[in-house]
Amino acid sequence: MVSRGGGARGLLGAYELGRTLGEGNFGKVKQARHRGSGAQFAVKILDRARVVSQRVDDQIRREIATLNLLAHPNVVRLHEIAASKTKIYMVLELVNGGELFDRIASKGKLPEQEARRLFQQLIDGVSYCHEKGVYHRDLKPENILVDRKGNIKISDFGLSALPEHLGNDGLLHTTCGSPNYIAPEVLQNRGYDGSLSDIWSCGVILYIMLVGYLPFDDRNIVVLYQKIFKGDTQIPEWLSPGAQNLLQRILEPNPMKRITMAEIKAHKWFQEDYVPALPYDNDDEDSELYIAHQVKEKISEAPEDKTTNQINAFQLIGMASSLDLSGFFEEEDVSQRKIRFTSTHPPEDLFDKIENSASEMGFHVHRGHSKLKLTRNCNGSQNQKNHVLFLVSTEVFELSPSLYVVELKKSHGDPALYRQLCERICSDLGVLKMDQIFGTRSTADDLACLDKRSATPLVAL
């Protein structure tokens, strides 16, 4: 939970919150110090009500899931995620050198050697993301941060795409991005390769760094898109031949003819003074960019004062074979929407057990790929057409090897019946409730601190 102390400073678990670094539509970013190691971090604090009301919960969820996959020197690092009833907290690597946009704006353009070094880092970071199946889709100087050492960090993955977002044709189909940086094939709405569209955006960024202004620009959005479709831009002759050639090959409007990541890295201009950046080792306990945030106390030894001692949610999971997670995540009563719990049973066994429990309660079970749908007609209606259908979907997510999260989500139906169903399933699976661990239910401000080293965050926004 967040407690207040020391004047304007607050506490967030093991972190002491400091000055505000910036504010946005959905919250603010504060500097924070880890009280154990003294390391500095940035904490993005998002207002859950605003996130939900503005319908950007999927975007936030996507950014969290994406950052959780990535560990590279040129990508902003997510260390922990926490959530209360009213706030979402993202503990991120602190990058305190500003945006690449500000650096370019202050200088007009960058010396070719500096632009090449930053472009090499950009390509290293973006190609690493692609290797992980992540396509950024909104690369621009405002979304690239620079640290005090002059190294870039790619940020803002809210519009990113993962393999599950690919269509049946293996292409992406969502038109997104910033107009001046968007690839022509994205605008055509026929499907596009996420890697090639990101490469186009990288080319626009390289052009800006070398030349000092946008390659495609117009106040009229239709004219702007016409220029992008045609690749209608002038590459200054005063640039070195190598830089000119690389820009021409990247800003090729036909994606089938555009240079690939491998070809960029092999390009003579790119290769000059190139030192590849290696991904971080997630298992490296000595990494200065990672906190080994371990709580040693067992539950029986944990003190009652939760303001100074926080138990990590996944440490709790490790202490119990099955654990109801609903009190950690939900902003509403579980009987109204969804419940989550963990289990060591493999997915097939879980589905079998849930199907048996639901069938014995009179539910019809429809089994699909990695999902169950439980339906039941409610009593009281004489007209079959007017029967109200009770619908619950069940999904299983892998949390870590041999540990799974089961999610029951009610789409429609009587909350009391849903609660009975949840209790029956939890009882049959031997799920341990939160109040059995703490003695009482978690309060509204209790945080679910998810350790990134242990699992993918599953925050219900």
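A quick note: this is a predicted structure, and the numbers were derived from the prediction, not measured.

Visitor: Please clarify how the pairing of strand β7 (residues 87–93) should be interpreted in this entry.
Guide: For a regular strand, the rule is simple: side chains alternate between the two faces of the sheet. Across the seven residues of β7, six count as buried, placing the element largely inside the fold. Here strand β5 (residues 40–47) pairs with β7 via seven bridges, running antiparallel. Opposite I45, over in β7, you have Y89 as the bridge partner. Here strand β6 (residues 78–83) pairs with β7 via five bridges, running antiparallel. Paired with I81 across the bridge in β7 is M90. Hairpin connection, β6 to β7: the antiparallel pair is bridged by three residues.

Visitor: So what exactly am I meant to see when it comes to the nonpolar core here?
Guide: One recurring pattern in soluble globular proteins is that nonpolar side chains are buried together. Counting 69 residues, the largest nonpolar core has F119, L122, M209, L210 and I264 as the members making the most contacts within it. Looking at which element gives the most residues to this core, the answer is helix α6 (residues 194–211), with twelve residues. Residue assignment places this core across two domains, with domain 1 (11–93) and domain 2 (98–167 + 179–270) each supplying three or more. If sequence neighbours within four positions are ignored, F119 has contacts with C202, L206, M209, L246, I250, I264, W269 and F270. Residues I339, F341, I354 and F363 belong to the second largest nonpolar core, which totals 23 residues.

Visitor: Is there a simple way to think about the UniProt feature "binding site: ATP" (unreviewed entry) in the protein in this case?
Guide: Within the UniProt annotation, "binding site: ATP" (unreviewed entry) is assigned to K44. Among the structural elements, K44 can be located in strand β5.

About the cut-offs
Residues numbered from 1 in each chain as written. Predicted model: local features only at pLDDT ≥ 70, side-chain atom pairs only at ≥ 80, totals over all residues. Heavy atoms only, no water. Buried < 20%, exposed > 50% of the residue type's maximum accessible area, 1.4 Å probe, protein only. Helix = DSSP H or I, 4+ residues; strand = E, 2+ residues; numbered from the N terminus. Pairing = 2+ DSSP bridges. Core = buried A, V, L, I, M, F, W, Y, C linked by side-chain atoms within 4.5 Å. Domains from an automatic or database assignment. Contact = heavy atoms within 4.5 Å. UniProt positions renumbered as here; feature names shortened; annotations may be inferred.

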